[in-house]
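What follows is each chain in one-letter form.
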Amino acid sequence: MSVAVRILDDGAWLSVNDERRVSVSELWRLTAPDFCPCEQPDFLTQGFLSARAAGQTIAIETYGECICCGTDGIVGHVPVGKVIDGVFHGYDRERAVLTPIDRSAE
Ligand SMILES: [Zn+2]
């Protein structure tokens, strides 16, 4: 089943199948040792650059800032949910620890 993932409103929203599903200004806990020195950065999302579906997983290339140490920039493609039978199921991003997809593995 094909999934349409798009970024809307100059990077403010992720749209999946024409529904707005994830917005910026969320706080994500990440495992991202390449991004900043924090063991588990608290990452404030500020902008979405692109989105893609890798199998069932939807990942957003995300710009933002670690509020622990102040590092800002692009953290990579962060998986935010899955599409199962055409329906988007977002991860519990307030509790989950998200791991950006390694850019070097692309
Ligand atoms: Zn940090």
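Up top you'll find the structure we're talking about.
For clarity, every value in this text was computed on a predicted model and none was experimentally measured.

Here's the deal with the coordination of the zinc ion
So, point 1. Taken together, C36 (SG), C38 (SG), C66 (SG) and C69 (SG) make up the full set of protein donors to the zinc ion, lying 2.3 to 2.4 Å away.
So, point 2. Seen from the zinc ion, its four donor atoms lie at angles of 108 to 112 degrees, and the figure they make is tetrahedral.
So, point 3. Spacing between the donor residues of the zinc ion along the chain follows C-x1-C-x27-C-x2-C.
So, point 4. Accessibility expressed as a relative area gives 0% for C66, which makes it buried.

Examining the packing of aromatic side chains
So, point 1. This structure, assessed with the given rule, holds two aromatic pairs.
So, point 2. For the ring pair W28 and F48, a centre distance of 6.3 Å and an interplane angle of 15 degrees mean the geometry is stacked. Here the residue W28 occupies a position in strand β4 (residues 27-30), and F48 occupies one in strand β5 (residues 42-54), the gap between them amounting to 20 residues.

Looking at the pattern of salt bridges
So, point 1. Applying the stated criterion to the full structure yields four salt bridges.
So, point 2. Between R20 and D9 there is a salt bridge, with its nearest N and O atoms 2.4 Å apart. Placement of R20 in strand β3 (residues 19-23) and of D9 in the loop between β1 (5-8) and β2 (13-16) is noted, with a sequence separation of 11 residues between them.
So, point 3. Between R93 and E26 there is a salt bridge, with the nearest N and O atoms lying 2.7 Å from each other. Here E26 lies in the loop between β3 and β4 and R93 lies in the loop between β8 (87-90) and β9 (97-98), a separation of 67 residues in the sequence.
So, point 4. Exposure remark for R93: the relative accessible area of 13% places this residue in the buried category.

Criteria and thresholds
- Residues numbered from 1 in each chain as written.
- Predicted model: local features only at pLDDT ≥ 70, side-chain atom pairs only at ≥ 80, totals over all residues.
- Heavy atoms only, no water.
- Donors = N, O, S within 2.8 Å, 3.2 Å for Na, K, Ca; no water.
- Tetrahedral: all angles 85-135°; square planar, octahedral: opposite > 155°, others 65-115°.
- Buried < 20%, exposed > 50% of the residue type's maximum accessible area, 1.4 Å probe, protein only.
- Phe/Tyr/Trp six-rings, centres within 6.5 Å; stacked < 30°, edge-to-face > 60°.
- Helix = DSSP H or I, 4+ residues; strand = E, 2+ residues; numbered from the N terminus.
- Salt bridge = Lys/Arg side-chain N within 4 Å of Asp/Glu carboxyl O.

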